[in-house]
Amino acid sequence: MAISVQNLIKERKYPFIFSLLALILITFLLLTKTQSPIASTLDLVQSRSTSSSPPTSASPPSVRSSPISSPSTEPPPIHDGLTEPPPIHGDVSWNLCNGAVAVDYIPCLDNFKAIKALKSLRHMEHRERHCPEPSPRCLVPLPRGYRVPVPWPRSRDMVWFDNVPHPKLVEYKKDQNWVRKSGEYLVFPGGGTQFKDGVTHYIEFVEKALPVIEWGKHARVILDVGCGVASFGGYLLDKDVITMSFAPKDEHEAQIQFALERGIPATLSVIGTQRLPFPDNVYDLIHCARCRVHWDANAMVAVTESICWEVVAKTVDSSGVGLVIYKKPVSSSCYGKRKDNNPPLCNQNNRQNISWYTPLDSCLAPLPVDSMGNSYSWPEEWPKRLTSKPPHLSAERDAEEIFYEDTKHWSTLVSDVYLEAAAINWSSVRNVMDMNAGYGGYAAALIDMPLWVMNVIPVNGPDTLSVIFDRGLIGVYHDWCESFNTYPRTYDLLHSSFLFKNLTQRCDIMQVAVEMDRILRPGGFVLVQDTVEMINVLTPIFRSLHWSIDLFQEQFLLGKKGFWRPDGRKTLCPKVREELLGKDTREKQSQDGFRPPI
């Protein structure tokens, strides 16, 4: 039978009661002796707000950082910010990344240990992906003075300097009018090495040199190699052209970060030892202006002739800028007429379309043919190509019907649910990522909105990226068990549809959540469609990041990221933390650039 205090009193067993009270008091004194008064108070509040059981939607889990040490104990170990231990589910611990690159940290491109171990830098391997193991679990800090980005379309021409506080490019390219600082802003005049009379003049000059280009009709999807701050792609948007602009990280400081802050499609990449993360034969036009290729050198002339590129335009504009336009063949007949089979044709049987950590080829990719062996047909003119049958669509039975049903499904879902029911401020959304894009139906349904979508095809799923390009959209291959090639705070909205089930079988879901937090802007949204079971797994993780969470129709999870960042001390709910830290600390945070959630 259980012994109660009431029974002990009734039976007048006072010595036992006094002994019990004395034992409790001694235990309490021993515990408090090892901690400072502040640490004890914080631990007490923390213990009241956490539980070993999974948190409910009404009670978000508390988040803990390294405990505050008292003067009588050793300080906590100093982390480099890039190798933080994994958080524990149910009692999640978050720490800020630290170090020289913490604010702009890109895990797979800032792995300095791996880069230092490279035997050579000759082939730009140091600009390629070298992902750390284990994947880092720290959260990137905000730049001092960070604020909600300038909205589109103003952002094309100016952004907040404090959001991307990198002045080196301003000085380095001051004679070329790429970017200049004006008060609180970075201003982009639309100049550049190749754009002496402005980027608009240059775009018109290109089309005049070869009218068949027909910006926005015949040429819709463009790749800009070595793009600078992406003004070429930014101004082509006016022509209904979408450009994938890319450049290596830090070749010119933060140029891709500038592009994304402006609201222009861009990604970090380099032509080094590995293929770019795109399928074969999908871009309508590739632009290479001053990208360190000497096109007029004898060696380059020999190369272009050996791969059957035909010169279709060659001219110089009034400012002295030269232009050469090559045309790629549409059939392999030219390859057979070459004197030397160099470079040879790639073995089509051994070639995969998905390019992910795939070595660069020294052979020519096969030209596409249809199911009957006929030469590849150009997609319909834009915008018809968005909804017409894609040339790269699988020849399997019912593939066409599935494609059209998918397009219809996303059109209905976006109009009836995402644009109406979901509490998303679409006027603040410019850079969008679809993390599991399928046929690109989500992006197609948003085509009339003033935004663009980076369509991501996971490398462990069906390969539909060629179809996405056929539709006049852009995208990349990626493995979500690793970090994405972009700077922090570069997307306004992350969308995923039934992505996480396969990921849980390959990597820790916390790792994916950290990456989502890294690339999402403060004030940005996460929209997840998934099973009830997976949403129940994701909800407490997102709450631990202090995202506001909303669930609708039992299968859609909407998260909104605020401006919260862990500060290295025990992190409590905002109200309790304010009471403990006091007014002086809050004022200092404001002076240091803290911005409240919007």
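Details of the structure are given in the entry above.
Residues numbered from 1 in each chain as written. Predicted model: local features only at pLDDT ≥ 70, side-chain atom pairs only at ≥ 80, totals over all residues. Heavy atoms only, no water.

1. Concerning the sheet that holds strand E6 (residues 266-268)
Thinking step 1. Spatial strand order, E6-E5-E4-E7: four strands in an open sheet with parallel pairing. Looking at the sheet topology across the chains shown, the edges are occupied by E6 and strand E7 (285-288). Adjacent strand axes in the sheet meet at a mean angle of 20°, parallel and antiparallel pairs treated alike.
Thinking step 2. As defined by bridge partners, strand E4 (residues 221-225) adjoins strand E5 (residues 242-247) across five bridges and the pair is classed as parallel. Considered in E5, the bridge of Val225 is made with Phe246.
Thinking step 3. Strands in contact with helix H8 (residues 255-262) are E5 and E6; relative to E6, the strand with the most contacts, it is inclined by about 150°. (Pairing = 2+ DSSP bridges. Helix = DSSP H or I, 4+ residues; strand = E, 2+ residues; numbered from the N terminus. Axes fitted to C-alpha atoms, helices over the stretch in contact; angles between N-to-C directions. Contact = heavy atoms within 4.5 Å.)

2. Focus on the nonpolar core
Thinking step 1. Membership of the largest hydrophobic core comes to 96 residues, with the highest contact counts inside it found for Tyr418, Phe500 and Phe542.
Thinking step 2. Of the residues forming this core, the biggest block, seven residues, is contributed by helix H15 (residues 509-519).
Thinking step 3. Beyond its immediate sequence surroundings of up to four residues, Tyr418 is in contact with Trp410, Leu413, Trp426, Tyr442, His495, Leu527, Gln529 and Phe556.
Thinking step 4. Within the second largest apolar cluster, 21 residues are counted, among which are Phe205, Ile213, Leu323 and Ile325. (Core = buried A, V, L, I, M, F, W, Y, C linked by side-chain atoms within 4.5 Å. Buried < 20%, exposed > 50% of the residue type's maximum accessible area, 1.4 Å probe, protein only.)

3. Focus: helix H11 (residues 399-418)
For the α-helix, the turn length of 3.6 residues means that residues three or four positions removed from each other point alike.
Thinking step 1. With 20 residues, H11 should reach 28 Å at 1.5 Å per residue; the first-to-last C-alpha distance of 26 Å fits that figure.
Thinking step 2. All of the buried residues along H11 are Ala399, Phe403, Asp406, Thr407, Trp410, Leu413, Val414, Val417 and Tyr418. Axial view of H11: buried residues confined to an arc of 150°, hence all on one face. With respect to the buried face of H11, the exposed residues turned more than 90 degrees away are Glu401, Lys408 and Asp416.
Thinking step 3. Of the surrounding secondary structure, the elements contacted by the buried residues of H11 are helix H12 (441-445), helix H13 (465-470), strand E13 (491-497), strand E14 (520-529), strand E15 (548-552) and strand E16 (556-560). (Expected span 1.5 Å × (residues − 1). Arc of directions from axis to C-beta.)

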